[in-house]
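Observations on the model geometry
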Amino acid sequence: NTKGFIFDLDGVIVDTAKYHFLAWKKLANGIGIDFTHEQNEQLKGVSRVKSLEKILSWGNKVISDDEFSELISKKNNDYLSYIEQMSTQEILPDIPKVLNYLTDNNIPVALGSASKNARAILQKVNLISKFNVIVDGNDVTKAKPNPEVFLTAAQNLEVAPENCVVFEDSLAGIEAAKNANMIAIGIGDVTILNKADFVFKDFTEIDLEFIAQL
Ligand code: BG6
Ligand code: MG
């Protein structure tokens, strides 16, 4: 059976969490709320709107809808100024090895990301041509752990969900993959990603034989 491979973007292909951290910290501190690296961890895989809601609740702060939209757009502009500087050097180790193997063998490859900036980032790191299908935050209404993003990717790849393999670094993303009835491969800490079928620290731990036998 032909497998389809679906990659999360942030934390799997590139480490953008450091840029989200800088932009969220500036926003939070600007309205008198502390923002730590531990809190940033909790925003991995979480949508833009949900992230700001969490920050406001951590700071016990209530703001108007207008201020909310204004803060969200300022944060994204800040984030985009970091993205602007990205290059192929920011691709995480051994990602090209795996993507090249899949595309060289005509194995279907999709992106399944919560980010509305996904296409811009893939273009910056010159990987956009590696994906047969891209489903991002602009294409879905239900955020991970809802399986919508991965089910849409599978449908567009024309591969049955149970034949799809998902690479994810966030717990919400692993849950989304399992909710979609897919094979979930966690990239990161096994104590956090324990609902995954397999967990690796990063792609340097994954060999092509493992991918081939999935
Ligand atoms: C996810 C990130 O991939 O995308 C989250 O892990 C981020 O941290 C979310 O909030 C939405 O991203 P963006 O680029 O649309 O703000
Ligand atoms: Mg991620």
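Before any of the text, the structure's been laid out above.
So, how was this worked out
- Residues numbered from 1 in each chain as written.
- Chains lettered and ligands numbered in written order.
- Predicted model: local features only at pLDDT ≥ 70, side-chain atom pairs only at ≥ 80, totals over all residues.
- Heavy atoms only, no water.
- Helix = DSSP H or I, 4+ residues; strand = E, 2+ residues; numbered from the N terminus.
- Contact = heavy atoms within 4.5 Å.
- Donors = N, O, S within 2.8 Å, 3.2 Å for Na, K, Ca; no water.
- Salt bridge = Lys/Arg side-chain N within 4 Å of Asp/Glu carboxyl O.
- Buried < 20%, exposed > 50% of the residue type's maximum accessible area, 1.4 Å probe, protein only.
- Patch = residues over 30% accessible without salt bridge, like charges linked within 9 Å, V, L, I, M, F, W, Y side chains within 5 Å.
- Areas by Shrake-Rupley, 256 points an atom, 1.4 Å probe, with all protein chains shown as cover.
- Lys, Arg positive; Asp, Glu negative; His and termini not counted.
- Charge placed at Lys NZ, Arg CZ, Asp CG, Glu CD.
- Phe/Tyr/Trp six-rings, centres within 6.5 Å; stacked < 30°, edge-to-face > 60°.

Here we look at the environment of aspartate 34
- By the element assignment, aspartate 34 lies in the loop between α1 (17-30) and α2 (37-41).
- Put simply, aspartate 34 and isoleucine 55 are 21 residues apart on the chain and 9.0 Å apart in space, counted from C-alpha to C-alpha.
- Not counting chain neighbours up to four residues away, the residues in contact with aspartate 34 comprise Ala28, Asn29 and Gln39.

Points about the coordination of the magnesium ion (ligand 2)
- Ligation of the magnesium ion (ligand 2) by protein atoms is provided by Asp8 (OD), Asp10 (O) and Asp169 (OD), these donors lying 2.0 to 2.1 Å from the ion.
- Written as a sequence motif, the donor residues of the magnesium ion (ligand 2) are D-x1-D-x158-D. One end of the pair, aspartate 10, is in the loop between β1 (4-7) and α1; the other, aspartate 169, is in the loop between β4 (164-168) and α8 (171-179), and 159 residues separate them in sequence.

What about the pattern of salt bridges?
- Counted under the stated rule, the structure contains 12 salt bridges.
- A salt bridge links glutamate 90 to lysine 18, with the nearest nitrogen and oxygen atoms 3.7 Å apart. Taken together, the residues span a long stretch of sequence, with glutamate 90 in the loop between α4 (65-83) and α5 (95-104) and lysine 18 in helix α1 at a distance of 72 residues.
- Of the residues examined, lysine 18 reaches a relative accessible area of 40% and is grouped as partly exposed.
- Lysine 124 is the salt-bridge partner of glutamate 84, the closest N and O atoms lying 3.4 Å from each other. One end of the pair, glutamate 84, is in the loop between α4 and α5; the other, lysine 124, is in helix α6 (residues 118-124), and 40 residues separate them in sequence.
- Looking at lysine 124, the relative accessible area reads 31%, which means it is partly exposed.

Remarks on a negative patch on the surface
- A cluster of acidic residues, Asp65, Asp66, Glu67 and Glu70, forms a negative patch at the surface.
- Topologically, aspartate 65 is positioned in helix α4.

So, the packing of aromatic side chains
- Scanning the model with the defined rule gives nine aromatic pairs in all.
- Here phenylalanine 7 and phenylalanine 131 contribute two aromatic rings whose centre-to-centre distance is 6.3 Å and whose plane-to-plane angle is 90 degrees, an arrangement assigned as edge-to-face. In this pair, phenylalanine 7 sits in strand β1 while phenylalanine 131 sits in the loop between α6 and β3 (133-135), placing the two residues 124 residues apart along the sequence.
- The class of phenylalanine 7 is buried, set by a relative accessible area of 0%.
- Relative to tyrosine 82, the ring of tyrosine 19 lies with its centre 5.6 Å away and its plane at 5 degrees, an arrangement referred to as stacked. Remark: tyrosine 82 occurs in helix α4 and tyrosine 19 occurs in helix α1; sequence separation between them is 63 residues.
- Judged by relative accessible area, which is 13%, tyrosine 19 ranks as buried.
- When its relative accessible area of 27% is taken as the criterion, tyrosine 82 is described as partly exposed.
- Among the aromatic residues, those joined into a ring-pair cluster are Phe5, Phe7, Phe131, Phe167 and Phe203.

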